[in-house]
Amino acid sequence: MAQQGVQLDHEQFCCSICLDLLKDPVTVPCGHSYCRTCIEGFWNQDDQRGRFSCPQCRQTFIPRPVLKRNTMLAEVVESLKKTGLQAAPPDHCYAGPGDVACDFCTGRRLKAVKTCLQCLVSYCDTHLQPHYQSPAFKRHQLVQASGELQENICSRHNEVRKLFCRTDQQCICSLCSVEEHKGHDTTSAAAERAERQKELDTSQQNIQQRIQEKEKDVKGLHQEVESIKHRADRAVEDSDTIFTELISSMERRRSVVRQLIRDQQERQVSRAEELRRRAEQEVTELRRRHAELEQLSLTEDHIRFLQRYTSSLSTTSESTHPHVSSHDRPLRHFEDVTVAVSKMRDRLEDILTEEGTNISEAVNRVDVSLRDMSTPKTRPEFLQYSRPITLDPNTANHILSLSEGNRKVTRMNTRQSHPDHPERFTYWEQVLSREALSGCWYSEVESSGRCDIAVSHKDISRTGSGVECVFGYNDKSWSLKCTEQGYTFRHRCIVTPIPGRVSSRVGVYLDHSAGTLSFYGVSDDTMTVLHTVHTTFTHNLHVGFYLSGSGSTAELLYELN
C-alpha cells in the first residue's frame, strides 16, 4: 500500500506534455509546471499569433512569459531519480500490437520513438538520450521508429547497406562493391537519395500543379455536366414540342382529308341517289307504256289499232335522262385518294429517315468537346504528364549499355558483361523500362541512328530469335521505327509507313484507360502527330527500345525544357 502511495506522488511530478518525469522544470504564471523544452516547443507553435496559453488550464498570457527554473521542484525530481523509483508511464506509452518496441527496455517495453541507422536499434525516449547527449553518437542518423531494420542489412555479408549500385539499381554494402558489383557505377546511399529526392521534389511539384489544373478541370467538368443535363432536358422538351406539333399537324391534315372524302362522298351519293330515283321513275313509266302497247297489239279492229297507234307513237319518245354506265361510278375516284395519301406517307417516311439520321449524328457529336477537353493540345500540357522512367538493366541485351542513371541506352560493338537474368532479351538488341506506365503518361525520347521506340506488355517473350520477341511483330507491343529516312509504325507484323519530316526527338503519349497511344515529332514547342493508336489496353505497359544499328542511342528525357 505504501508503494502505491509513492507511485501516486511520482505521477504528480510528470510533465503533462511528454508524460515523463520533469526535466529542467519551469513554472508558468498560472502555477502549472512543465519541462522547459516541452513548454518552449509548445509555445513556439503559437509564436506567430502572439498569444501563449497553458496546455492544462488554457489561461492566456500576453506577452510570452519569461520562464524561470523551479529550483525546489527540480531538486525533488532529482531526489526521486536517485531513489531509482521512476514514475510509471501511462499505458499508451507501452508498445502494443503493430508498434515498434524499444530494444533496450526490459520487461514490459515502451514504444520506440526513433531508430538509429548506425546502431540498427530502436529506442524509447529515455534510452534515446545518450544519442542526444554524448558526442560519440553525433554522426549517428536517427529516423522515425521502424520495425524493418533487417532490410538495411546485407543478407550475404551481414553488413549495413550504405552504398547504391546505379548499374543494378540496388542498395549494397561495402563488401558487395568489391565483389559481385566490382566495376559498377556506385555511390553512397545518401548521394543517391539526394539525387532521387530532387527528382521526387520535381515530381511532387509537377503533381501538385497537375492537381490544381485537374481540380479546375473537375470544376469545369462539373459545370459542363450541369450544362449538359440542362441542355439535354431543354432539347427533349423542344423535341417533344416539335413532335407534338407535327403530330397535331398530321392529325389536322388527317381530319381535313377525312372531311374532304366525306363531303365528296355526300355529294356523289346525293347525285347517285337522284339518278337512281329518276331511273326508277323512268322504268315505271316504261313499264306502263309497255303494257299499253301490249294491249294495243291485241286489238282486232284495224281502224281502231291505226288510230291509237299514231297517238301511242307520239307519247313514246326517248328518255331525256342521261344513261349512267358502271364505268362512271364516283367510287372509283376514291382509289386515287388512297394512292395520293400513300405517296404522302412514303415521302414523309423518307424525310423522317433522312432527318432522323441527321438528328442521330447531331446527338452523337455532343461528346466531341468532352474528348477534346481531356486530350492535351500543347507541349506544356503534355509535359504535365511527364514522369521519370528508367530502363531495367536486367532486361538489356548483352550488346546494350545503359548510362545517365539508366535513362540512356547505347548499342555497343562488343558484348557487355551483364550477368545472366531470366528477364534479359537474349537475341534482339532490346530493353524495357523498370517502371510500368499507368493512367496518362508522356515522355520525350532523344535518339540517333536506327532506333525503335515501343510500348509493350511486360510478359513479351525474351528468349530466342522469333518474332514473338520483337517489338511491333506481335499483339503485345506497338513500335515506331525511327531512321534518317523516315518513320514506320508496326503492330502484329503490319507495317505502316508514316510520311513527314524526321525529328531526333519523339514524344510518346499514353492514356491507358482511354486506350490511346500517340507518337509526336517534337521540334522546339511544335508537336506533329506521327501516328495514333486507339485500342483497349488489358495489361500494364512498359517503354522499350530496339537499337538495330551500331552506335545507335536512345535517351528518355525527364527534365524537359
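Below: a short report on this structure. (Residues numbered from 1 in each chain as written. Predicted model: local features only at pLDDT ≥ 70, side-chain atom pairs only at ≥ 80, totals over all residues. Heavy atoms only, no water.)

**Some points on the overall build of the protein chain**
The condition that has to hold: The helix count covers DSSP runs of H or I at least four residues long, the strand count covers runs of E at least two residues long, and both are numbered beginning at the N terminus. The rule is simple: take the accessible area with a 1.4 Å probe, protein chains only, and divide by the maximum for that residue type; under 20% is buried, over 50% is exposed, in between is partly exposed. The contact criterion used is simple: two residues touch if any of their non-hydrogen atoms lie within 4.5 Å. Computed by Shrake-Rupley with a 1.4 Å probe, the accessible areas treat only the displayed protein chains as cover when residues are assessed.
Tallying secondary structure elements over the protein chain gives ten helices and 23 strands in all. Here the protein chain, with 561 residues, has 30% of them falling under the buried criterion. The long-range share in the protein chain, meaning contacts at least 24 apart out of those at least 6 apart in sequence, stands at 54%. Of the roughly 36,100 Å² of accessible surface on the protein chain, a fraction of 52% belongs to carbon and sulfur atoms.

**What to know about the sheet that holds strand 17 (residues 487–491)**
Quick note on the threshold: A pair of strands is labelled paired if DSSP reports no fewer than 2 bridges between them. Interaxial angle, 0 to 180 degrees, is taken between N-to-C directions of lines fitted to C-alpha atoms, where a helix line uses only the stretch in contact.
Read across the open sheet, the six strands follow the order 13-22-15-16-17-18; overall the sheet is antiparallel. Both edges of this open sheet fall to strand 13 (430–432) and strand 18 (494–498), since each of them pairs with a single strand only. Sheet twist, expressed as the average angle between the axes of neighbouring strands with direction ignored, equals 20°. Pairing between strand 16 (residues 477–482) and strand 17: four bridges, direction antiparallel. Counted as the bridge partner of Lys481 is Thr488 from strand 17.

**Details of the sheet that holds strand 8 (residues 163–165)**
Strands sit in the order 9-8-10 across an open sheet of three strands; the sheet is antiparallel. Where the open sheet ends on each side, the last strands, each with one partner, are strand 9 (170–172) and strand 10 (186–188). Strand-to-strand twist across the sheet, computed as the mean angle between neighbouring axes with direction ignored, equals 35°. For strand 8 and strand 10, the ladder comprises three bridges, and the chain directions are antiparallel. Residue Leu163 lies in a different strand from strand 10, and its bridge partner there is Ser188. Contacting strand 8 and strand 10, helix 6 (residues 189–297) runs over the sheet at an angle of about 90° to strand 10.

**A few points about a negative patch on the surface**
Where we set the bar: Patches here are clusters of residues that have more than 30% relative accessible area and form no salt bridge, with a 9 Å joining cutoff for like charges and a 5 Å cutoff for nonpolar side chains (Val, Leu, Ile, Met, Phe, Trp, Tyr). Salt-bridge detection follows one rule: a side-chain nitrogen of Lys or Arg within 4 Å of a carboxyl oxygen of Asp or Glu. Note on charges: Lys and Arg go in the positive column, Asp and Glu in the negative column, and His and the chain ends are not counted at all. A charged residue contributes its charge at one atom only: NZ of Lys, CZ of Arg, CG of Asp or CD of Glu.
Where like charges cluster on the molecular surface, the negative patch consists of Glu349, Asp350, Glu354 and Glu355. Looking at where Glu349 falls in the secondary structure, it is placed in helix 8 (residues 332–364). When its relative accessible area of 44% is taken as the criterion, Glu349 is described as partly exposed.

**Details of the nonpolar core**
Note the threshold: Side-chain atoms within 4.5 Å are what join buried Ala, Val, Leu, Ile, Met, Phe, Trp, Tyr and Cys residues into a set we call a nonpolar core.
Val409, Ile453, Trp478, Leu480, Leu517, Phe519 and Phe545 are the most contacted members of the largest nonpolar core, which has 34 residues in total. It is strand 22 (residues 541–547) that contributes the most residues to this core, four residues altogether. Look past the residues within four positions of Leu517 in its chain and what remains in contact with it is Val455, Trp478, Val508, Tyr509, Leu510, His531, Thr532, Val533 and Phe537.

**A few points about the side chain of Glu199**
Note the following rule: In the analysis that follows, any N or O atom pair within 3.5 Å is treated as a polar contact, provided that within protein one partner can donate a hydrogen and the other can accept it, and provided that, for residues neighboring in sequence, both atoms belong to side chains.
Tracing the sequence through the fold places Glu199 in helix 6. At 2.6 Å, the side chain of Glu199 forms a polar contact with the side chain of Arg407. Not counting the four nearest positions on each side in its chain, Glu199 is found in contact with Arg407 and Tyr558.

**Regarding the pairing of strand 17**
With respect to burial, strand 17 is a largely interior element, four of its five residues being buried. For strand 17 and strand 18, the ladder comprises five bridges, and the chain directions are antiparallel. Following the sheet pairing, Thr488 is matched in strand 18 by Pro497. Between the end of strand 17 and the start of strand 18, which pair antiparallel, lie two residues, with Arg492 showing a positive phi angle near 55°.

**Quick word on the environment of Arg69**
The topology assignment puts Arg69 in the loop between strand 4 (60–61) and helix 3 (71–83). Between the C-alpha atoms of Arg69 and Pro25, which are 44 residues apart in sequence, the distance is 6.0 Å. Residues in contact with Arg69, not counting those within four places in the same chain, are Asp24, Pro25, Val26, Arg36 and Ala74.

**A look at the pattern of salt bridges**
Under the counting rule described, the total for this entry stands at 26 salt bridges. For Arg407, the salt bridge identified is with Glu199, shortest N-O distance 2.6 Å. Taken together, the residues span a long stretch of sequence, with Arg407 in the loop between strand 11 (400–403) and strand 12 (408–411) and Glu199 in helix 6 at a distance of 208 residues. Assigned by exposure class, Arg407 and Glu199 land together as buried. The partner of Arg505 in a salt bridge is Glu446, with the nearest N and O atoms 2.9 Å apart. One end of the pair, Arg505, is in strand 19 (residues 505–511); the other, Glu446, is in strand 14 (residues 440–448), with 59 residues separating them in the sequence. The exposure class assigned to Arg505 is partly exposed, which follows from its relative accessible area of 22%. In the salt-bridge network here, residues are joined through shared partners; they are Glu285, Arg288, Arg289 and Glu292.

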